Amino acid sequence: MVARVERLSAGATEEERGRAAAEQTRAAPDQAKAAATTIEREAAAASPAAPDLAVATVLETVAAQTVAPSEAAEPVVEAAQAALRPSAPVSPRAGRGRRLLKEAALRRMGPLNALDARIYLAINEVPHPGALDSLAWALALVTTGGWIWVIGTLLAYLVRAPRSWSAFKQLLPSVVVATWLIEYPIKAFFRRRRPFSRIVEALVIGKKPGSWSFPSGHTGASFASAWILSLVWPRLAPAFLGLAGTVGFSRIYVGAHYPGDVLSGAILGILLSETVRRAIGFSFGRRR
């Protein structure tokens with residue numbers, strides 16, 4: 001069945017399949033809503049005589065709808081995740097099918113992609129208490145764009161913390177430029193070049209498909225900020241980098257990114273912020 005999915009989704013990009021699905025959704029909105037109910041029900045109704053082909057077709061169709069620029073995309077993503085996640089209540093037979101599908105997809109990935117996905121599964125499939133889920137999503141909200149780091153540095157300046165104005169002047173341009181580059185040109189570049197089969201894989205393995213997820217913007221902004229602040233206040237570097245690492249881990253925990261997305265975001269955040277810091281004329285250890 002995984003081989004059928006690959007053949008169905010071969011030769012197209014995420015953007016192309018998303019546009020095609022959007023056209024179909026506009027022509028038949030009820031069909032998109034039906035696909036959002038449950039993958040398993042649609043697969044069973046499609047072709048009982050050939051269930052593997054039916055499931056492959058439904059996965060390909062649903063994956064296309066998740067990346068379509070339409071209102072139906074988000075409900076389809078939620079329905080797909082609800083149907084495929086390990087904790088979803090289904091029959092033992094269906095649960096075994098889900099496990100086999102994930103393993104088959106993992107075996108057909110390259111070694112690095114498979115390792116990335118297995119680490120993701122190990123983190124994302126641990127128990128998710130409601131309070132911890134809420135905390136992780138709140139962390140994602142307040143760290144969007146890296147502004148919480150800038151605001152914290154400005155507050156440090158208002159209470160006259162040593163070197164806080166120097167930290168603010170270095171941090172603001174660095175985090176703004178690093179975040180903008182990661183969130184727009186870099187993410188857009190990788191999204192356009194991503195083969196559509198990767199979106200189907202993400203749907204099967206569990207990561208939220210269709211978003212511009214490589215690299216992680218939250219992680220990039222956090223590590224860009226932590227790097228600059230660590231240069232200004234070296235003794236607090238473990239705390240700053242630890243906070244940034246917590247942000248990155250939370251992105252895997254909530255199912256928004258693979259570990260590779262987070263690692264690339266951290267590296268790019270540090271490199272871009274340091275490049276900007278040097279470009280605007282600040283030097284390490286210089287007091288202002």
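Presented here is an overview of the structure given in this document. Remember, it's a predicted structure, so these values are computed and weren't measured experimentally.

What follows deals with the overall build of the chain. Counting its regular elements, the chain contains 15 helices and zero strands. A buried classification covers 46% of the 288 residues belonging to the chain. The long-range fraction of contacts in the chain, counting pairs at least 24 apart against all pairs at least 6 apart in sequence, stands at 77%. As displayed, the chain has an accessible area near 14,800 Å², and 65% of this comes from carbon and sulfur atoms.

Our focus in this paragraph is the packing of aromatic side chains. A complete count under the given rule lists five aromatic pairs for this structure. Measuring from ring centre to ring centre gives 5.1 Å for Tyr120 and Tyr258, while their planes differ by 90°; the resulting arrangement is edge-to-face. Here Tyr120 is found in helix H8 (residues 111–124), whereas its partner Tyr258 is found in the loop between helix H14 (237–253) and helix H15 (259–279), with 138 residues between them in sequence. Judged by relative accessible area, Tyr258 falls into the buried class, the value being 11%. Measuring from centroid to centroid gives 5.3 Å for Trp165 and Phe168, while their planes differ by 20°, and the two rings are stacked. With Trp165 and Phe168 both in helix H11 (residues 164–193) and three residues apart, the pair spans about one turn of that helix. Using a relative accessible area of 14% as the deciding quantity, one classes Phe168 as buried. Within the aromatic cluster, the residues linked to one another by ring pairs are Tyr157, Trp165 and Phe168. The cationic tip of Arg160 hangs over the ring face of Tyr157; the distance from NZ or CZ to the ring centre is 5.6 Å.

Next up on the list: the packing of H8 against H14. Contact geometry of H8 with H14 gives a least axis separation of 8 Å together with a crossing angle of 90°. Here H14 runs roughly perpendicular to H8, going by the angle between their axes. Contacts from Tyr120, Ile123 and Asn124 in H8 reach Phe249, Ile252 and Tyr253 in H14. Tallied by class, residues from the contact of H8 with H14 come to five nonpolar, one polar and no charged.

The next subject is unusual backbone geometry. The backbone phi angle of Arg160 is positive, close to 65°, even though this residue is not glycine. Note that Arg160 resides in the loop between helix H10 (147–158) and H11. Judged by its relative accessible area of 63%, Arg160 falls in the exposed class.

Another aspect to go through is empty space enclosed by the protein. Summed over all chains, the structure comprises three cavities of 30 Å³ or more. The space that makes up the largest cavity amounts to roughly 100 Å³. Lining of the largest cavity is provided by Val2, Val5, Glu6, Ser9, Leu59, Leu101, Ala105, Ser197, Val200, Glu201 and Val204. Of all the elements in the fold, those that place two or more residues in the lining of the largest cavity are helix H1 (2–9), helix H7 (92–108) and helix H12 (196–205). Classifying every residue of the lining of the largest cavity gives seven nonpolar, two polar and two charged.

In this section: the environment of Gly281. Residue placement: Gly281 occurs in the segment after H15. Assessed through its relative accessible area of 37%, Gly281 is described here as partly exposed. C-alpha separation for the pair Gly281 and Gln170, spaced 111 residues apart in sequence, amounts to 9.5 Å.

Of all the positions in H1, only Val2, Val5 and Ser9 are classed as buried. One face of H1 carries all of its buried residues, which in axial projection span an arc of 55°. Looking one or two residues beyond H1, the residue adopting positive phi is Gly11, at roughly 75°.

What counts, and where the lines are drawn
Residues numbered from 1 in each chain as written. Predicted model: local features only at pLDDT ≥ 70, side-chain atom pairs only at ≥ 80, totals over all residues. Heavy atoms only, no water. Helix = DSSP H or I, 4+ residues; strand = E, 2+ residues; numbered from the N terminus. Buried < 20%, exposed > 50% of the residue type's maximum accessible area, 1.4 Å probe, protein only. Contact = heavy atoms within 4.5 Å. Areas by Shrake-Rupley, 256 points an atom, 1.4 Å probe, with all protein chains shown as cover. Phe/Tyr/Trp six-rings, centres within 6.5 Å; stacked < 30°, edge-to-face > 60°. Lys NZ or Arg CZ within 6 Å of the ring centre and 35° of its normal. Axes fitted to C-alpha atoms, helices over the stretch in contact; angles between N-to-C directions. Parallel < 35°, antiparallel > 145°, perpendicular 65-115°, else oblique. Nonpolar A, V, L, I, M, F, W, Y, C, P; charged D, E, K, R; others polar. 1 Å grid on protein atoms, 1.4 Å probe; cavity = no way out; pocket = protein on both sides within 12 Å on 5 of 7 lines; lining within 4 Å. Points joined across faces, edges and corners; volume = space filled by probe spheres on them. Arc of directions from axis to C-beta.

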